[in-house]
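Report on the structure
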Amino acid sequence: MLILYQPMTSTRHIMGMPITLEIVDNNIGAEVADEVFAYFKSINNKFSTYKPESEISQINLGKVSAADYSPEMRTIFALAEETKQLTNGYFDIKIKDGIYDPSGLVKGWAIHNAAKILVDKGLKNYYLVAGGDIQASGLNNNGKPWSVGIKNPFKKHELIKIIYITNQGVATSGTYEQGQHIYNPHNRTSLITDIVSLTVIGPNIFEADRFATAAFAMGPYGINFIEKLNGFEGYMIDENGLATKTSGFEKYTKF
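1. Structural notes on the packing of helix α4 (residues 103-120) against helix α5 (residues 205-217)
Packed helices, taken two at a time, are described by the angle between their axes plus the distance between the axes. Between α4 and α5, whose axes approach to 7 Å, the crossing angle comes to 165°. On the basis of their axis angle, the class for α4 and α5 is roughly antiparallel. As α4 runs across α5, the sense of the crossing is right-handed. Within the contact between the two elements, α4 uses G104, L105, K107, G108, W109, I111 and H112 and α5 uses I205, F206, D209, R210 and T213. Considered class by class, the residues forming the contact of α4 with α5 number 5 nonpolar, 4 polar and 3 charged.

2. Description of helix α3 (residues 71-86)
The end-to-end C-alpha distance of α3, which contains 16 residues, comes to 22 Å, matching closely the 22 Å that a straight helix rising 1.5 Å per residue would cover. Among the residues of α3, M73, I76, F77, L79, A80 and T83 are the ones counted as buried. Axial view of α3: buried residues confined to an arc of 165°, hence all on one face. Turned more than 90 degrees from where α3 packs its buried face, P71 and Q85 sit exposed. On its buried face, α3 sits against α1 (30-47), α2 (55-60), β4 (99-100), α4 and α5.

3. Describing α4
Relative to the 26 Å expected for 18 residues at 1.5 Å per residue, α4 spans 26 Å between its end C-alpha atoms, a close match to the ideal helical length. Most of α4 sits out of view: 13 of its 18 residues are buried. Phi turns positive, to about 85°, at G122, one or two residues after α4.

4. A word on the nonpolar core
Counting 59 residues, the largest nonpolar core has F40 and I226 as its most contacted members. The contacts of F40, once residues within four sequence positions are left out, are I14, M15, I19, A110, I111, A114 and L128. In terms of nonpolar packing, the next biggest core, distinct from the first, is built from 17 residues, V24, I134, W146 and V170 among them.

Criteria and thresholds
- Residues numbered from 1 in each chain as written.
- Predicted model: local features only at pLDDT ≥ 70, side-chain atom pairs only at ≥ 80, totals over all residues.
- Heavy atoms only, no water.
- Axes fitted to C-alpha atoms, helices over the stretch in contact; angles between N-to-C directions.
- Helix = DSSP H or I, 4+ residues; strand = E, 2+ residues; numbered from the N terminus.
- Parallel < 35°, antiparallel > 145°, perpendicular 65-115°, else oblique.
- Left-handed = near helix turned anticlockwise from the far one by under 90°.
- Contact = heavy atoms within 4.5 Å.
- Nonpolar A, V, L, I, M, F, W, Y, C, P; charged D, E, K, R; others polar.
- Expected span 1.5 Å × (residues − 1).
- Buried < 20%, exposed > 50% of the residue type's maximum accessible area, 1.4 Å probe, protein only.
- Arc of directions from axis to C-beta.
- Core = buried A, V, L, I, M, F, W, Y, C linked by side-chain atoms within 4.5 Å.

Take a look at the structure:
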């Protein structure tokens, strides 16, 4: 028999975006949410390129050498290099000589790590979303998979697809919210205009996020890249509003 509890939901604005945590498991105090949000604040303080005192900003200013990187920074640089290799160079945190912007990796990684805090506390049913990127575990308060809406990039208040996930991550890369902030590392001066949105479902939000970013940088070919990844599905919308989906995507539109 499935026992449903009153969910605990909390939202805070960190890292320049709203972060929402919903936990369905019983007997959860506010201190759990406080710990998760404190983690996001610590990551923001370390990796924000908008904070001159952050570690990444100090690195970009040449004030911190590689030998003095924090363990978290070493991890991100190693994961960035791994992702670059896995995507044939379509993911690169080096934006110009001596300047790094790891934001395309850090958000999904941070959400994934924040979810581990919940797992370590024995929680099984939760939903964590930061800036539209989602990690979902277990079931929602109705005992069903968590629902995630994919926005119409041409009408931001309209949803064009609803997908249902459990124990997975969903990330969307696109230009319709923040403009041209993703670039093709192989052709840095060319804007990506032929696609506007690419949503990826993966085994966790870290994997979904990093491959969504890289796939978007590939342009129309990105959906084919996702098709070839084992355990991933994708949904791409081009400049004309036409959608292309991977072969197994539709299984997530029903439960």
